[in-house]
Amino acid sequence: MNNIYLIGFMGTGKSTVAKKLQRFLPFQVVEMDEAIERVEAMSIPEIFEKKGEDGFRNAESQLLSIIAKENNQIISCGGGIVLRQENIDTMKSSGTVVRLDATPEVIFDRVNRNDKRPLVKGKTLDDIKKMISDREEAYKNAADITVDASTLNVDEVTSEIVKQLALAGRLN
Ligand code: S3P
């Protein structure tokens, strides 16, 4: 299957890159967080508040298993999608997993700008560094392709993804 899953820590630019990628590939963009909000009829912070992180993760895994049945999609995943191995297996068996990477400083700067992300609300740079390093192994395991989104701008990141997908024979 030829889905493209964009993964990476919060604030690495998955949603923006997903839209740009669509200019190169005639695929549908799926925003997982937005889809979860629609299914649950609640905002992400409300889901965390009412159902806890586990409740959010259950909704996330359930939605992913439905999405993975379709083809030709660019899926912008929530940053924590890699926290369950079953999600990694689902993504890998239904497409290519593209990881966007960025430095903790860049991430901290970006995620501090709004309070839509309950897991990083009020967190310090050191807290973010710890979260990133706790997840590093999972991101590495999941990724077929990794692109550094700290040093490249959105257009460059997008071109690099297209180039690497082509090189890996994943655009056929
Ligand atoms: C999360 C990332 C968020 C959202 C939720 C949890 C995470 O998505 O799914 O707040 O655990 O990293 P973004 O990466 O799109 O911000």
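Small disclaimer: the values here were computed from a predicted structure and weren't measured.

Draft legend 1. Highlighting the layout of surface pockets. Reported here for the largest pocket is a volume of approximately 670 Å³. Lining the largest pocket are 30 residues, and of these Ser15, Glu31, Asp33, Lys116 and Arg117 lie nearest its centre. Counting only elements with at least two residues in the lining of the largest pocket, the list comes to helix H1 (14–21), helix H2 (32–40) and helix H3 (44–67). Ranked by residue count, the leading element in the lining of the largest pocket is H3, at six residues.

Draft legend 2. Spotlight on the site of the ligand. Around the ligand sit 14 residues, and of these Lys14, Asp33, Arg57, Arg117 and Arg135 come closest. Between an oxygen atom of the ligand and a side-chain N or O atom of Lys14, the distance comes to 2.5 Å. Between the ligand and Arg135, the relevant distance is 2.7 Å, taken from an oxygen atom to a side-chain nitrogen or oxygen of the residue. Considering each element in turn, the shell around the ligand owes the most residues, four residues, to H3. For the shell around the ligand, the per-class residue count stands at six nonpolar, three polar and five charged.

Draft legend 3. Layout of the packing of H3 against helix H4 (residues 85–92). Contact geometry for H3 and H4: axes closest at 10 Å, N-to-C directions at 15°. By the angle between their directions, the pair H3 and H4 is classed as roughly parallel. Between H3 and H4 lies a crossing of left-handed hand. Only Glu86, Asn87, Thr90 and Met91 of H4 make contact with H3, whose side of the interface consists of Ser61, Leu64 and Ser65. Looking at the contact of H3 with H4 residue by residue, the classes come out as two nonpolar, four polar and one charged.

Draft legend 4. A look at the side chain of Thr158. Here Thr158 shows up in helix H7 (residues 154–167). Setting aside anything within four residues of it in sequence, one finds Thr158 in contact with Val17, Lys20, Leu21 and Phe24.

Draft legend 5. Highlighting the pairing of strand S3 (residues 73–76). Neither face of S3 is open: one carries Gln73 and Ile75, the other Ile74 and Ser76, and all of them are buried. Across three bridges, strand S1 (residues 3–7) lies against S3 in parallel orientation. If you follow Ile4 over to S3, its bridge partner there is Ile74. In terms of strand pairing, strand S2 (residues 28–31) meets S3 through four bridges, oriented parallel. The partner of Glu31 across the bridge, within S3, is Ser76.

Analysis parameters
- Residues numbered from 1 in each chain as written.
- Predicted model: local features only at pLDDT ≥ 70, side-chain atom pairs only at ≥ 80, totals over all residues.
- Heavy atoms only, no water.
- 1 Å grid on protein atoms, 1.4 Å probe; cavity = no way out; pocket = protein on both sides within 12 Å on 5 of 7 lines; lining within 4 Å.
- Points joined across faces, edges and corners; volume = space filled by probe spheres on them.
- Helix = DSSP H or I, 4+ residues; strand = E, 2+ residues; numbered from the N terminus.
- Near = heavy atom within 4 Å.
- Polar contact = N/O pair within 3.5 Å; in protein donor to acceptor, adjacent residues only side chain to side chain.
- Nonpolar A, V, L, I, M, F, W, Y, C, P; charged D, E, K, R; others polar.
- Axes fitted to C-alpha atoms, helices over the stretch in contact; angles between N-to-C directions.
- Parallel < 35°, antiparallel > 145°, perpendicular 65-115°, else oblique.
- Left-handed = near helix turned anticlockwise from the far one by under 90°.
- Contact = heavy atoms within 4.5 Å.
- Buried < 20%, exposed > 50% of the residue type's maximum accessible area, 1.4 Å probe, protein only.
- Pairing = 2+ DSSP bridges.

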